[in-house]
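Per-entry structural report
In case you want the letters, here they are:
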Amino acid sequence: MIDRRSLLVAVALGAVVTGCGDTRSAVPPPPPIVKAEPVVERDVPISAEWVGTLVGYINAQIRPRVSGHLISQNYTEGALVKTGDLLFQVDPRPYQVALDQAEAQLLQAESQLSQATAQVSASQAQVEQALAKVAQGEAEVTKTTADQRRTELDVARYTPLAQRGSVSQQELDNAVQNNLANIASVAAARASVQNAQANVSNARAALEKAQADVKTQEANIAAARAALANGKLNLGYTRVLAPISGVAGFRVANIGDYVGPSDQNPLTTVSQVDPIYAEFPISEQRALAVFRQWADPRASRDIELELILADGSAYPSRGRAVALDRQVDVTTGTVLVRGVFSNPGSVLRPGQYAKVRAIVEVKKNALLVPQRAVQDVQGVRQIAVIRPDDTVDLRVVKVDARVDTLYVIAEGLKRGERVIVEGGDRVRPGQKVRLASTAPAEAGPRR
């Protein structure tokens, strides 16, 4: 009897408990609490990023201009040097000797020029003397010819007179003798003129030779002066100077090495790093846009660049693009861009890798949502949108670009719509939700 009554009580209690459980499960759960933000519409600058390499504004390879033994290094490796600073010294002694020889050769050539010039003056005097003798001989020829003409006339006059006995035979003979003597004098005078003319020719030849000697010595002086200038240059080249101001690298040659212009490796390299170049490749399509922009005389050529260093920090100074390479790399389909950055503290060095960032376009009236509002479901981008009646609508969207912590949405949203940024993984399409700002506070624990 007791067992039966106990069994009935147990069944009754079970029915009560079961009935209570069914009552609780019939109560619907409250709408989930979510956080939402409106879709923002504004003009958005779109940036692109490339990996670049820093290059010295000028990279000067320091090579010796003359051969010789390296006897000193006169700079601190890795330090800043100025234009004209002494970097290395090549043994100058052989070049000093060559310079002294060139100076002596110049003095010798100048002395020989003085002698040749004096010889020209002497030859000119000899020419003038020979010409004077020619003139004197020609005058003598004229005089003797006149005398001979006179005696010849005497002979012609005396001959018929002697035949008639008007003059004596002796007078005729004297006239004939005088005429013969004058004929001989004319011949002698003419021979003297010819001799004087020959002397003139010889003197003129000597003058021309002396003048040629002067030109030869002038050429020798020019050659000696060139050799002297070359000697001075070579002696100066033993002092290897910095051609630019910049950072000097480690030396490659050691003190005591025999160095020369034909060496494969330079002595060192000096790089001007303020300003400094950043070179990076961009796609051919992007390069076409830049080419078109720069080809338009009305468009601005300024393209601002931002540099992100290897440690992730942004370089404080902005740079600008200054040039694009002349050709497209056929293997990669890219064009090399060169940007320039100021580098007053020499923080940037050639060879560093850095990211270069630039604004490539501005999207007008772009729709923006926080990145956390976008869910990636098996490669499909979805956003939970809250309808005006506070129900959920799952949208497939097309993401265009990322701007800081926001996504630019190209398709799937409208301006002013609300998107769920927290709790979107707990909602279903058509489900009603409560916004966190309007949800009632939960009751505290009972005491």
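Keep in mind the model is a prediction, meaning the values are calculated, not measured.

1. Concerning the overall build of the protein chain
Helix and strand content of the protein chain: four helices and 20 strands. Relative to the globule expectation of 22 Å for 447 residues, the C-alpha radius of gyration of the protein chain, 57 Å, shows a markedly less compact shape. Here the C-alpha coordinates of the protein chain stretch approximately 230 × 55 × 35 Å along the principal axes. In the protein chain, which comprises 447 residues, the proportion classed as buried is 32%. Intrachain contacts of the protein chain at a sequence separation of at least 6 include 77% that bridge at least 24 residues. Counting only carbon and sulfur atoms, one obtains 52% of the accessible surface of the protein chain, whose full area is about 28000 Å². Side chains of the protein chain give 51 positive and 47 negative charges; the mean places of these two sets differ by 9 Å.

2. Digging into the pattern of salt bridges
In total, this model carries 24 salt bridges according to the counting rule given. The residue aspartate 393 makes a salt bridge to arginine 395 at a minimum N-O spacing of 2.7 Å. Relative accessible area serves as the criterion here: at 22%, arginine 395 is assigned to the partly exposed category. Here glutamate 417 makes a salt bridge to arginine 395, at a shortest N to O gap of 2.9 Å. Taken together, the residues glutamate 417 in the loop between strand 18 (406-411) and strand 19 (418-422) and arginine 395 in strand 16 (residues 392-396) connect sequence positions 22 residues apart. Ionic contacts of the salt-bridge type, sharing partners, join the residues Lys35, Glu37, Arg372 and Glu422 into one network.

3. Remarks on the packing of aromatic side chains
Scanning the model with the defined rule gives four aromatic pairs in all. Taking 5.4 Å as the distance between ring centres and 25° as the angle between the ring planes, the aromatic pair formed by tryptophan 50 and phenylalanine 280 counts as stacked. Here the residue tryptophan 50 occupies a position in strand 2 (residues 40-62), and phenylalanine 280 occupies one in strand 9 (residues 268-283), the gap between them amounting to 230 residues. Aromatic side chains tyrosine 315 and phenylalanine 341 sit 6.5 Å apart centroid to centroid with 80° between the ring planes, which places their arrangement in the edge-to-face category. Linking tyrosine 315 in the loop between strand 10 (304-308) and strand 11 (319-324) with phenylalanine 341 in strand 12 (residues 334-341), this pair joins segments that are 26 residues apart in sequence. For the pair shown, tyrosine 315 and phenylalanine 341 are each scored as buried.

4. A short note on the pairing of strand 18
Where strand 13 (residues 353-370) meets strand 18, four bridges bridge the pair, whose relative direction is antiparallel. Bridging from a neighbouring strand, leucine 367 pairs with isoleucine 409 of strand 18. Two successive antiparallel strands, strand 17 (residues 398-403) and strand 18, enclose a turn made up of two residues, where aspartate 404 displays a positive phi of approximately 55°.

5. A look at the nonpolar core
Among the nonpolar cores identified, the biggest contains 26 residues, and Phe280, Ile282, Leu305, Leu307, Leu324, Phe341 and Leu348 are the most heavily contacted of them. Counting only elements with at least two residues in this core, the list comes to strand 2, strand 9, helix 4 (284-295), strand 10, strand 11, strand 12 and strand 13. With five residues, strand 9 is the single largest residue contributor to this core. Among residues more than four places away in sequence, those in contact with leucine 307 are Leu54, Ala278, Ser313, Ala314, Tyr315, Phe341, Leu348, Ala354, Lys355 and Val356. Among the nonpolar cores identified, the runner-up in size contains 18 residues, and Val66, Ala116, Val127 and Val214 belong to it.

6. Thoughts on the pairing of strand 14 (residues 374-377)
Across four bridges, strand 14 lies against strand 15 (residues 380-386) in antiparallel orientation. Note that in strand 15 the partner of valine 377 across the bridge is valine 380. In sequence, strand 14 turns back onto strand 15 through a hairpin of two residues, with glutamine 378 there showing a positive phi of about 55°.

7. Brief notes about the sheet that holds strand 3 (residues 68-73)
On the basis of which strands lie adjacent, the open sheet formed by four strands has the order 6-5-3-8 and antiparallel pairing. Looking at strand neighbours, the two that pair on one side only are strand 6 (239-241) and strand 8 (258-259), the edges of this open sheet. As judged from the two bridges shared by strand 3 and strand 8, these two strands associate in the antiparallel manner. Counted as the bridge partner of histidine 69 is tyrosine 258 from strand 8.

8. A look at the environment of valine 408
Secondary-structure assignment places valine 408 in strand 18. Residue valine 408 is classed as buried on the basis of its relative accessible area, which comes to 2%. Linking valine 408 and tryptophan 294, residues 114 residues apart in sequence, is a C-alpha distance of 28 Å.

9. Details of the side chain of threonine 144
Residue position: threonine 144 is located in helix 2 (residues 93-164). On the basis of relative accessibility, which here comes to 4%, the residue threonine 144 falls in the buried class. Once residues within four sequence positions are removed from consideration, threonine 144 is found in contact with Asn182, Ser185, Val186 and Ala189.

10. Here we look at unusual backbone geometry
In this structure, proline 275 follows aspartate 274 across a cis peptide bond, with omega equal to 0°. Located in the positive-phi region is serine 346, a residue other than glycine, with phi close to 55°. Residue classification places serine 346 among the buried residues on the basis of a relative accessible area of 13%. The phi torsion at aspartate 404 lies on the positive side, around 55°, for a residue other than glycine.

11. Observations regarding the confidence of the model for the protein chain
The predicted model of the protein chain averages 87 in pLDDT, with 92% of residues at 70 or higher. Per-residue pLDDT stays below 50 along residues 6-21; that stretch engages in zero contacts with residues further than four places along the chain or on separate chains. Contacts from residues 438-447, a stretch scored under 50 in pLDDT, to residues over four places away or in other chains number three contacts.

12. Some words on the packing of helix 2 against helix 3 (residues 169-237)
For any two helices packed against each other, the geometry comes down to the angle between their axes and how far apart the axes lie. Their axes nearest at 5 Å, the elements helix 2 and helix 3 cross at an angle of 165°. Between helix 2 and helix 3, the angle falls in the class roughly antiparallel. Crossing of helix 2 against helix 3: the hand is left-handed. Of the residues in the contact of helix 2 with helix 3, the class split is 35 nonpolar, 26 polar and 15 charged.

About the criteria used
- Residues numbered from 1 in each chain as written.
- Predicted model: local features only at pLDDT ≥ 70, side-chain atom pairs only at ≥ 80, totals over all residues.
- Heavy atoms only, no water.
- Helix = DSSP H or I, 4+ residues; strand = E, 2+ residues; numbered from the N terminus.
- Rg over C-alpha atoms; globule rule 2.2 N^0.38 Å.
- Buried < 20%, exposed > 50% of the residue type's maximum accessible area, 1.4 Å probe, protein only.
- Contact = heavy atoms within 4.5 Å.
- Areas by Shrake-Rupley, 256 points an atom, 1.4 Å probe, with all protein chains shown as cover.
- Lys, Arg positive; Asp, Glu negative; His and termini not counted.
- Charge placed at Lys NZ, Arg CZ, Asp CG, Glu CD.
- Salt bridge = Lys/Arg side-chain N within 4 Å of Asp/Glu carboxyl O.
- Phe/Tyr/Trp six-rings, centres within 6.5 Å; stacked < 30°, edge-to-face > 60°.
- Pairing = 2+ DSSP bridges.
- Core = buried A, V, L, I, M, F, W, Y, C linked by side-chain atoms within 4.5 Å.
- pLDDT = per-residue confidence, 0-100.
- Axes fitted to C-alpha atoms, helices over the stretch in contact; angles between N-to-C directions.
- Parallel < 35°, antiparallel > 145°, perpendicular 65-115°, else oblique.
- Left-handed = near helix turned anticlockwise from the far one by under 90°.
- Nonpolar A, V, L, I, M, F, W, Y, C, P; charged D, E, K, R; others polar.

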